[in-house]
Amino acid sequence: METVFDACESKVRSYCRAFPAVFTRAIGATLFDETGRRYIDFLAGAGTLNYGHNNPRIRSRVMEYLHQEGIIHGLDMYTPAKRDFLQVLNTLILQPRNLDYKVQFPGPTGTNAVEAAMKLARKYTNRTGIVAFTNGYHGMTAGSLAATGNEYHRKSPGCMAGNVTFMPYDGYFGPGVDTITYLERFINDASSGLDLPAAVLLETVQGEGGVNVAGFDWLRRLEALCRRHQILLIVDDIQAGCGRTGTFFSFTPAGIVPDIVTLSKSIGAYGLPLSLVLMKPELDCWEPGEHNGTFRGNNLAFVAAVEAFRLYWSDHRFNLSIGHKGHVLHRRLQTIARESESFGVVARGRGMFAGLVFDRCPKAARLISRAAFERGLILETCGGQDHVVKFLPPLTIEENLLEEGLDITAQAVREVLERLGRNGPESLVDSEGEGAAA
Ligand code: PMP
């Protein structure tokens, strides 16, 4: 039967294809559809719901603000909500980490932040080139799309390369190849074809690109390379930030300090759209309104964010809890990978950002996502061939729900690999990706 969605909504829709239920209600790490069926959510709005759906502690502050008739939309005008946000971001997040950044509010989505960051780097350095990395994902608008590796997204007619050069990410050629030396050779050689770029743009853990984790040493060497050549270092922490990898910013354990950081997704704390560009103060060469927009600074998101900063980032308890649950997650995924050794399955990730990689049988990933959904678990795929099952549970998930979701994962993996194994090796290749990444 054709639904109103089929009839009225553009074919561009994506996640609803993989999870074709009509969801009505959600709390914490669980979603309910209109038949009353419960699902455990290991996708969490693609990393937007790190504090869970309708977090009751954040909700009461949001409700209070609504009842007070607080400003919801005010362009980028001054409000107490914005003042609190800037103050608390400074005192609870930046200062304790010895970070000194000015804050820009671009439009509300991640891609807006990336666009602004690229533009700022180009303006500040008066150079045009940006170096991005294989399998990177930075958004769907012209500038950020040009820095996104995946051809599925970049093949839209009219999409231009836009002065972005792709270089191999950490581990791209396997463990033995040093991709920093490779990059530096290009930069040092005036005949390499690569002009000195304005910035290097990267994720410390590539989310949509397949949960590829950069080593801390690689990150440090990349930072040193940038410093040597006066190239700005932009870390896109839109998916890996806000606690996902175990610390508020994904880059702090590596000991690096990016020149520019982009944040979005869970910065709005309650699933509310908000994104930020953090820049070292000396880089703030914008003219007033030069990067403008109607929806810059979402006051309801400011209120939710401040509550989340106070609740979760005032001390180290949340870090410890993410560390503990991350450990549970990785231990279970390692076991699943070991049990599926004959299919070459690998588990990887950092903190509560993990992936099960099906290099040798790419199509298994989407089949596992489907089998998990049938059992009441929302589990997305990512990677160039859609060959990685991605785990992004809310960071606040109860441990029993985490275990239950992992039990379902183990069953789904077992069922799919058994089925594929029975059908012979040729059934293992040929992925059927739908490119749902956001
Ligand atoms: N950068 C990264 C690292 C992302 O993961 C995403 C979204 N998946 C974006 C940028 C783009 O964000 P948005 O979809 O909100 O534009």
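Analysis parameters
- Residues numbered from 1 in each chain as written.
- Predicted model: local features only at pLDDT ≥ 70, side-chain atom pairs only at ≥ 80, totals over all residues.
- Heavy atoms only, no water.
- Helix = DSSP H or I, 4+ residues; strand = E, 2+ residues; numbered from the N terminus.
- Rg over C-alpha atoms; globule rule 2.2 N^0.38 Å.
- Contact = heavy atoms within 4.5 Å.
- Areas by Shrake-Rupley, 256 points an atom, 1.4 Å probe, with all protein chains shown as cover.
- Lys, Arg positive; Asp, Glu negative; His and termini not counted.
- Charge placed at Lys NZ, Arg CZ, Asp CG, Glu CD.
- Core = buried A, V, L, I, M, F, W, Y, C linked by side-chain atoms within 4.5 Å.
- Buried < 20%, exposed > 50% of the residue type's maximum accessible area, 1.4 Å probe, protein only.
- Domains from an automatic or database assignment.
- Axes fitted to C-alpha atoms, helices over the stretch in contact; angles between N-to-C directions.
- Parallel < 35°, antiparallel > 145°, perpendicular 65-115°, else oblique.
- Left-handed = near helix turned anticlockwise from the far one by under 90°.
- Expected span 1.5 Å × (residues − 1).
- Arc of directions from axis to C-beta.
- Polar contact = N/O pair within 3.5 Å; in protein donor to acceptor, adjacent residues only side chain to side chain.
- Nonpolar A, V, L, I, M, F, W, Y, C, P; charged D, E, K, R; others polar.
- Pairing = 2+ DSSP bridges.
- Salt bridge = Lys/Arg side-chain N within 4 Å of Asp/Glu carboxyl O.
- Buried area = accessible area lost by both parts, 1.4 Å probe.

Visitor: So what about the overall build of the chain? Which residues, and what values?
Guide: A tally of regular secondary structure across the chain gives 14 helices and 17 strands. Expected size for 438 residues packed as a compact globule is a radius of gyration near 22 Å; at 21 Å, the chain falls within 12% of this value. The dimensions of the chain, computed from C-alpha atoms along their principal axes, are 60 × 60 × 45 Å. Across the chain, the fraction of contacts at a sequence separation of at least 24, relative to all contacts at a separation of at least 6, is 74%. Total accessible area computed for the chain in this model is approximately 19,000 Å², and 53% of it derives from carbon and sulfur atoms. Computed over 45 positive and 48 negative side-chain charges, the separation of the two mean positions in the chain equals 2 Å.

Visitor: For the nonpolar core, give the residues involved together with the corresponding values.
Guide: Among the nonpolar cores identified, the biggest contains 98 residues, and Phe85, Phe133, Phe249, Phe309, Leu356, Phe358 and Phe391 are the most heavily contacted of them. When residues of this core are assigned to domains, at least three fall in each of domain 1 (4–54 + 316–428) and domain 2 (60–312). If you look at the next biggest cluster of nonpolar residues, it comprises 23 residues, including Ala113, Leu120, Ala146 and Val277.

Visitor: Account for the packing of helix 12 (residues 317–339) against helix 14 (residues 399–422), with residues named and values stated.
Guide: Between helix 12 and helix 14, whose axes approach to 11 Å, the crossing angle comes to 15°. Taken together, helix 12 and helix 14 sit at an angle that is classed as roughly parallel. Relative to helix 14, helix 12 is oriented so that their crossing is right-handed. Here helix 12 contributes His324, Lys325, Val328, Leu329, Arg332, Leu333, Ile336 and Glu339 to the contact with helix 14, which in turn contributes Glu399, Leu402, Glu403, Leu406, Asp407, Thr409, Ala410, Val413 and Arg414.

Visitor: I'd like a description of helix 4 (residues 56–67), backed by residues and values.
Guide: Two residues of an α-helix separated by three or four positions point the same way, owing to the 3.6 residues in each turn. If you check helix 4, its first and last C-alpha atoms are 16 Å apart, about what 12 residues at 1.5 Å a residue would give, namely 16 Å. Along helix 4, the residues classified as buried are Ile58, Val62 and Tyr65. The arc enclosing the buried residues of helix 4, seen along the axis, measures out at 60°, which places them on a common side. At the N-terminal boundary of helix 4, the capping side chain belongs to Asn55, with an oxygen 2.9 Å from the backbone nitrogen of Arg57. At the exit of helix 4 stands Glu69, carrying a positive phi of roughly 55°.

Visitor: Let's hear about the packing of helix 13 (residues 363–374) against helix 14: which residues, and what values?
Guide: Two numbers describe how helix 13 lies on helix 14: the axes approach to 9 Å, and their chain directions differ by 130°. Put simply, helix 13 runs oblique to helix 14. Once helix 13 is placed against helix 14, the crossing between them reads as right-handed. In contact with Lys363, Ala364, Leu367, Ile368, Ala371 and Ala372 of helix 13, helix 14 contributes Ile408, Ala412, Val413, Glu415, Val416, Leu417 and Leu420. Residue classes in the contact of helix 13 with helix 14 are distributed as 11 nonpolar, no polar and 2 charged.

Visitor: For the sheet that holds strand 6 (residues 164–167), give the residues involved together with the corresponding values.
Guide: Overall, mixed pairing links the 7 strands, which are arranged 4-12-11-10-7-5-6 in an open sheet. The sheet is open, and its two edges are formed by strand 4 (102–104) and strand 6, each paired on a single side. The sheet shows a mean angle of 25° between the axes of neighbouring strands, taken without regard to direction. Bridging between strand 11 (residues 260–263) and strand 12 (residues 276–279) involves 4 bridges; their strand directions are antiparallel. When the bridges of strand 12 are listed, Leu263 appears paired with Leu276.

Visitor: I'd love a proper account of the sheet that holds strand 13 (residues 346–350), names of residues and values included.
Guide: Strand order in the open sheet formed by 4 strands is 13-14-17-16, with antiparallel pairing between adjacent strands. Of all the strands in the sheet, the pair left with one neighbour each is strand 13 and strand 16 (380–382). Averaged over all pairs of adjacent strands, the angle between their axes in this sheet comes to 30°, without regard to strand direction. Where strand 16 meets strand 17 (residues 388–391), 3 bridges bridge the pair, whose relative direction is antiparallel. Bridge assignment links Glu380 to a residue of strand 17, and that residue is Lys390.

Visitor: Lay out the pairing of strand 17 in plain terms, naming residues and giving numbers.
Guide: A regular strand carries its side chains on alternate faces of the sheet. Burial along strand 17 is two-sided: Val388 and Lys390 and Val389 and Phe391, pointing in opposite directions, are all buried. A loop of 5 residues connects strand 16 with strand 17, the two strands running antiparallel in sequence, and Gly383 in this loop sits at a positive phi of about 100°.

Visitor: An account of the pattern of salt bridges is needed here, citing residue identities and associated values.
Guide: Applying the stated criterion across every chain yields a total of 19 salt bridges. As a salt-bridge pair, Asp315 and Arg317 come within 2.8 Å of each other at their nearest N and O atoms. For Arg332, the salt bridge is made with Glu403, and the minimal N-O distance between the two is 2.6 Å. Taken as a pair, Arg332 in helix 12 and Glu403 in helix 14 lie far apart in primary sequence, 71 residues in all. Look at Arg332 and you get buried, because its relative accessible area is 17%. Of the residues examined, Glu403 reaches a relative accessible area of 24% and is grouped as partly exposed. Here the salt bridges do not stand alone but share partners, grouping Glu223, Arg227, Asp259 and Lys280 into one network.

Visitor: Which residues make up the side chain of Glu307, and what values go with them?
Guide: Relative to the assigned elements, Glu307 resides in helix 11 (residues 299–312). One buried charge, Glu307, has no salt-bridge partner; the nearest side chain with opposite charge is Arg61, at 4.5 Å. Setting aside residues up to four positions removed in sequence, Glu307 forms contacts with Arg57, Ile58 and Arg61.

Visitor: Tell me about the domain arrangement of the chain, residues and numbers included.
Guide: For the chain, the domain assignment lists domain 1 (4–54 + 316–428) and domain 2 (60–312). Distance from the C-alpha centre of domain 1 to the C-alpha centre of domain 2: 25 Å. Summed over both partners, the interface of domain 1 with domain 2 comes to about 2,600 Å²; 51% of that surface belongs to carbon and sulfur atoms. Contact with domain 2 buries area across many residues of domain 1, yet Tyr51, Arg350 and Phe353 alone supply 35% of it, more than any other trio. Counting every contact that joins domain 1 to domain 2 gives 1 salt bridge. On the surface where domain 1 and domain 2 come into contact, there are 18 residue pairs in polar contact (both at pLDDT 80 or more). For the side of domain 1 that touches domain 2, the secondary structure elements donating two or more residues are helix 3 (44–47), helix 12, strand 13, strand 14 (353–357) and strand 17. Here the residues of the side of domain 1 that touches domain 2 are counted per class, giving 14 nonpolar, 11 polar and 3 charged.

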